[in-house]
Amino acid sequence: MALTNISLPSLDKIASGKVRDLFALPDPSTLLFVSSDRLSAFDVIMKSGIPNKGAILTLLSAHWFRVLTERIPGLRTHFISLDMPPADVVPAAEARAIRNRSMQVRRLRVLKIEAIVRGYLTGSAWKEYQAKGTVHGLAMPPGMRLSQKFPEAIYTPSTKADLGQHDENIHPDDAWKELGDRETARRVQELSLQIYNTAAAYAEERGIIIADTKFEFAKDAAGNIYLVDEVLTPDSSRFWPKDVYEVGRDQDSFDKQFVRNWLIREGLKGKEGVEVPEDICRATEERYKDAFLKLTGKTFEEAAGN
Ligand code: ATP
Ligand code: MG
């Protein structure tokens with residue numbers, strides 16, 4: 001059964017996104033960050049959830065936080081631990097319901113930018129390239145084909161739209177207008193590319209191409225920048241199996257593309273509250289688990305202690 005509604009009566013819910021719910025903890029500098037099984041595609045939430053998705057996203061993000069912190073000196077992340085708060089804060093009965101789905105994180109001010117990095121030409125970037133030869137306004141080499149690797153990864157941010165609105169692609173040189181100052185924009189761009197390049201190399205050794213991904217960053221009161229949110233999951237990234245990768249066509253993928261393709265086929269793109277058939281949900285769960293196994297070297301069941 002998919003868990004689409006997170007209920008923790010003992011904690012105050014301070015925010016609820018398309019997929020995650022954020023809860024206050026007694027220490028005001030921290031949060032309990034809980035991933036549901038809710039499925040969003042094309043910026044709207046489906047009625048159906050994907051069983052185990054919240055736990056897969058949480059355990060995979062935690063894996064990446066460890067890997068990235070080891071490999072990138074000085075990288076700050078919001079991750080504190082996968083531990084459940086003590087029983088006097090979250091009673092055992094409530095804790096059971098969110099097992100493997102929650103992490104304690106630093107509570108920070110999230111920056112108003114979707115920090116997208118693209119290694120390969122696909123999705124909305126492919127559409128723009130075909131029309132204008134550019135990606136987020138950046139000139140790209142002529143003659144590129146669908147799914148081709150860029151000479152080097154490119155930073156292609158978008159605005160972070162409010163609920164119900166769509167994010168808008170922007171030129172990287174304009175990102176500072178969303179962020180307030182040029183130094184923050186420079187640092188976010190530098191970190192995004194460094195994290196993508198580190199992760200892409202790690203994943204490629206394990207048979208996965210990270211075609212593109214989205215990061216979120218935040219600041220603490222002292223102005224330090226942190227990597228926050230989920231990271232390098234099949235929700236926030238396009239993951240392609242390396243062994244069958246071929247330039248010039250759409251790729252098979254381990255991510256939400258499967259659901260997106262179904263929605264497009266059925267003429268349901270962008271429609272709220274769609275009931276996604278059981279077999280599509282199950283196949284999506286299997287893909288997410290496949291990606292988890294390839295990237296962490298453990299089955300999801302093993303990692304979850306099931
Ligand atoms: P968004 O477009 O803002 O990501 P969403 O619907 O995708 O909206 P979710 O991803 O479901 O939202 O929920 C996570 C929310 O928590 C996001 O708004 C994200 O910016 C925010 N967030 C992530 N990490 C932190 C943090 N460390 N402190 C405060 N807020 C955070
Ligand atoms: Mg989000």
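Residues numbered from 1 in each chain as written. Chains lettered and ligands numbered in written order. Predicted model: local features only at pLDDT ≥ 70, side-chain atom pairs only at ≥ 80, totals over all residues. Heavy atoms only, no water.

Participant: Is there a simple way to think about the overall build of the protein chain in this case?
Facilitator: The helix and strand tally for the protein chain stands at 8 helices and 16 strands. Taken over C-alpha atoms, the radius of gyration comes to 19 Å for the protein chain, in line with the 19 Å a tight globule of 306 residues would show. Summarising its shape, the C-alpha atoms of the protein chain cover approximately 60 × 50 × 35 Å along the three principal directions. Out of the 306 residues in the protein chain, the part that is buried amounts to 54%. Considering only intrachain contacts with a sequence separation of at least 6, the fraction spanning at least 24 residues in the protein chain is 64%. Between the averaged position of the 42 positive side-chain charges in the protein chain and that of its 44 negative side-chain charges there is a distance of 1 Å. (Helix = DSSP H or I, 4+ residues; strand = E, 2+ residues; numbered from the N terminus. Rg over C-alpha atoms; globule rule 2.2 N^0.38 Å. Buried < 20%, exposed > 50% of the residue type's maximum accessible area, 1.4 Å probe, protein only. Contact = heavy atoms within 4.5 Å. Lys, Arg positive; Asp, Glu negative; His and termini not counted. Charge placed at Lys NZ, Arg CZ, Asp CG, Glu CD.)

Participant: How do you make sense of the nonpolar core when you look at a structure like this?
Facilitator: One recurring pattern in soluble globular proteins is that nonpolar side chains are buried together. The biggest cluster of nonpolar side chains holds 58 residues, and the ones touching the most others in it are Trp 64, Leu 68, Val 188, Ile 195, Phe 215, Phe 217 and Leu 232. If near-sequence neighbours (up to four positions away) are discounted, Phe 217 is found in contact with Val 110, Leu 111, Ala 115, Val 188, Leu 191, Ser 192, Ile 195, Ile 225, Tyr 226, Leu 227 and Val 228. (Core = buried A, V, L, I, M, F, W, Y, C linked by side-chain atoms within 4.5 Å.)

Participant: Whenever I open this one, the site of ligand 1 confuses me. Can you help?
Facilitator: Around ligand 1 sit 17 residues, and of these Lys 18, Val 19, Arg 20, Lys 160 and Glu 216 come closest. At a separation of 2.9 Å, a nitrogen atom of ligand 1 approaches a polar side-chain atom of His 78. A distance of 2.8 Å separates a nitrogen atom of ligand 1 from a polar atom in the backbone of Arg 106. Relative to its unbound accessible surface of 600 Å², ligand 1 loses 84% to contact with the protein. Looking at side-chain class alone, the shell around ligand 1 contains 7 nonpolar, 2 polar and 8 charged residues. The residues that make up the shell around ligand 1 include at least three from each of domain 1 (13–108 + 275–305) and domain 2 (109–257). (Near = heavy atom within 4 Å. Polar contact = N/O pair within 3.5 Å; in protein donor to acceptor, adjacent residues only side chain to side chain. Areas by Shrake-Rupley, 256 points an atom, 1.4 Å probe, with all protein chains shown as cover. Nonpolar A, V, L, I, M, F, W, Y, C, P; charged D, E, K, R; others polar. Domains from an automatic or database assignment.)

Participant: Help me out: how do you make sense of the sheet that holds strand E1 (residues 13–16) in this one?
Facilitator: Hydrogen bonding along the main chain pairs the strands of a sheet, whether they run parallel or antiparallel. The strand order E1-E2-E3-E7-E6 describes an open sheet built from 5 strands, whose pairing is antiparallel. With one partner strand each, in any of the chains shown, E1 and strand E6 (79–81) form the two edges of the open sheet. In this sheet, adjacent strand axes meet at a mean angle of 35° when their direction is disregarded. The pairing of E6 with strand E7 (residues 102–106) spans 2 bridges and is antiparallel. Across the sheet, Phe 79 pairs through a bridge with Val 105, a residue of E7. Contacts from helix H1 (residues 53–71) reach strand E2 (20–24), strand E3 (30–35), E6 and E7 within the one sheet, and its direction differs from that of E7 by about 45°. (Pairing = 2+ DSSP bridges. Axes fitted to C-alpha atoms, helices over the stretch in contact; angles between N-to-C directions.)

Participant: Would you mind showing me how to read the side chain of Glu 216 here?
Facilitator: Within the secondary structure layout, Glu 216 lies in strand E14 (residues 208–219). Here Glu 216 falls in the buried class, since its relative accessible area comes to 7%. Within polar-contact distance, the side chain of Glu 216 engages the side chain of Lys 160 at 3.1 Å. With residues near it in sequence (within four places) discarded, Glu 216 still touches Val 110, Glu 114, Lys 160, Tyr 226, Leu 227, Val 228 and Asp 229.

Participant: Even after reading the chapter, I still don't get the pattern of salt bridges, so can you show me in this structure?
Facilitator: When the charged atoms of two side chains with opposite charge come close together, those side chains can pair. Under the definition given, this model contains 23 salt bridges. Glu 275 is the partner of Lys 47 in a salt bridge, and the nearest nitrogen-oxygen pair spans 3.2 Å. Residue Lys 47 is found in strand E5 (residues 44–49), and its partner Glu 275 is found in the loop between helix H6 (257–265) and helix H7 (278–296); the two are separated by 228 residues along the sequence. In this structure Lys 47 comes out as exposed when scored by relative accessible area, which is 56%. Across the pair Asp 181 and Lys 219 runs a salt bridge whose closest N-O atoms are separated by 3.9 Å. Separated by 38 residues along the polypeptide, Asp 181 in the loop between helix H4 (175–179) and helix H5 (182–205) and Lys 219 in strand E14 bring together distant segments of the chain. The class of Asp 181 is partly exposed, set by a relative accessible area of 28%. One salt-bridge network, in which partners are shared between bridges, spans Glu 114, Lys 160, Lys 214 and Glu 216. (Salt bridge = Lys/Arg side-chain N within 4 Å of Asp/Glu carboxyl O.)

Participant: For this particular structure, what's the right way to read the domain arrangement of the protein chain?
Facilitator: Much of the literature gives interface size as the accessible area that the parts lose upon coming together. Each assigned domain of the protein chain is listed here: domain 1 (13–108 + 275–305) and domain 2 (109–257). A straight line from the C-alpha centre of domain 1 to that of domain 2 covers 21 Å. In total, about 3,000 Å² of surface goes out of reach between domain 1 and domain 2, with carbon and sulfur atoms giving 65% of it. On the domain 1 side of the contact with domain 2, Trp 64, Arg 76 and Leu 108 bury the most area, a combined 24% of that side's loss. The interface formed by domain 1 and domain 2 includes 2 salt bridges. At the boundary of domain 1 with domain 2, the tally comes to 15 residue pairs in polar contact (both at pLDDT 80 or more). Broken down by secondary-structure element, the contributors of at least two residues to the side of domain 1 that touches domain 2 are strand E4 (38–41), H1 and H7. Looking at which element gives the most residues to the side of domain 1 that touches domain 2, the answer is H1, with 10 residues. For the side of domain 1 that touches domain 2, the residue count by class is 16 nonpolar, 5 polar and 10 charged. (Buried area = accessible area lost by both parts, 1.4 Å probe.)

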